[in-house]
Amino acid sequence: MTVVEANGARIPAIGLGTMTLKEQVCIDAIKAALRLGYRHLDTAERYGNEEWVGEGLRQGLAASGLKREDVFVTTKVYWDKLAPGDFERSVEESLAKLKLPWVDLLLIHWNNPKVALSDSIGSLCAVKRKGQARHIGVANFTTAMLDEAVKLATEPLVTNQM
């Protein structure tokens, strides 16, 4: 399997995006993807499907004999939940829906101009230090925003997912 290596992360290059998947269709798609060799699942709080992604992962692991550590799980905190306190609650909710103690990659889905980037990057780094995310990054950031985020981060950012 081809992986992308960045700041200590080994991210499977091809992942299953789950943005439009819901309910049993989502569960079945994840089980099929794991059976076919996918080892990266991508979801987000905003997609409204983390509970089904988590269930598909559980069923898929059981059916395939894979371990949790064999599958790279990414989720994202949406821009409307980046304020201190909101960020941490969003992560806790995502982990509860996924029924996971940690994700492999946690991303800020998009910057919120009403929340200081230093606050949201600080919360993102704190989640990594707490062990709720093995790796962290951002999504949909412009080059200028990415440069600022890297300067503010006290933990390595591994991606700007587009």
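As a starting point, this report considers the structure included with it. (Residues numbered from 1 in each chain as written. Predicted model: local features only at pLDDT ≥ 70, side-chain atom pairs only at ≥ 80, totals over all residues. Heavy atoms only, no water.)

### Description of the overall build of the chain
At step 1: From N to C terminus, the chain includes five helices and eight strands.
At step 2: N-terminal to C-terminal, the α/β element order of the chain is β-β-β-α-β-α-β-α-β-α-β-α-β.
At step 3: Taking 2.2 N^0.38 as the reference for a compact globule, 162 residues should give roughly 15 Å; the C-alpha atoms of the chain span a radius of gyration of 15 Å, in line with that estimate.
At step 4: With the C-alpha coordinates of the chain rotated into their principal frame, the extents come out at 45 × 30 × 25 Å.
At step 5: Out of the 162 residues in the chain, the part that is buried amounts to 49%. (Helix = DSSP H or I, 4+ residues; strand = E, 2+ residues; numbered from the N terminus. Rg over C-alpha atoms; globule rule 2.2 N^0.38 Å. Buried < 20%, exposed > 50% of the residue type's maximum accessible area, 1.4 Å probe, protein only.)

### Focus on the side chain of Gln132
At step 1: In this structure, Gln132 sits in the loop between α4 (117-130) and β7 (133-139).
At step 2: Not counting chain neighbours up to four residues away, the residues in contact with Gln132 comprise Val91, Glu92, Leu95, Pro101, Trp102, Val103 and Val127. (Contact = heavy atoms within 4.5 Å.)

### A closer look at the packing of helix α3 (residues 86-98) against α4
Two measures define how a pair of helices packs: the angle their axes make with one another and the distance between the axes.
At step 1: The contact between α3 and α4 brings their axes to 9 Å, and the two run at 40°. Comparing the axis directions of α3 and α4 gives the class oblique. Once α3 is placed against α4, the crossing between them reads as right-handed. Of the residues in α4, those in contact with Phe87, Glu88, Val91 and Glu92 of α3 are Ser120, Ser123, Leu124, Val127 and Lys130. (Axes fitted to C-alpha atoms, helices over the stretch in contact; angles between N-to-C directions. Parallel < 35°, antiparallel > 145°, perpendicular 65-115°, else oblique. Left-handed = near helix turned anticlockwise from the far one by under 90°.)

### Quick word on the nonpolar core
In a soluble, globular protein the nonpolar side chains are often hidden away together inside.
At step 1: Membership of the largest hydrophobic core comes to 39 residues, with the highest contact counts inside it found for Leu57, Val71, Phe87, Leu106, Ile108, Ile121 and Leu124.
At step 2: When residues of this core are traced back to their parent elements, those giving at least two are α1 (23-36), α2 (50-64), β5 (72-77), α3, β6 (103-108), α4, β7 and α5 (143-152).
At step 3: Leave out the neighbours within four places in its chain, and Ile108 touches Val77, Leu82, Phe87, Ser120, Ile121, Leu124, Gly137, Val138, Ala139 and Phe141. (Core = buried A, V, L, I, M, F, W, Y, C linked by side-chain atoms within 4.5 Å.)

### Details of unusual backbone geometry
At step 1: The phi torsion at Asn7 lies on the positive side, around 45°, for a residue other than glycine.
At step 2: Along the chain, Asn7 falls in the loop between β1 (3-6) and β2 (9-12).

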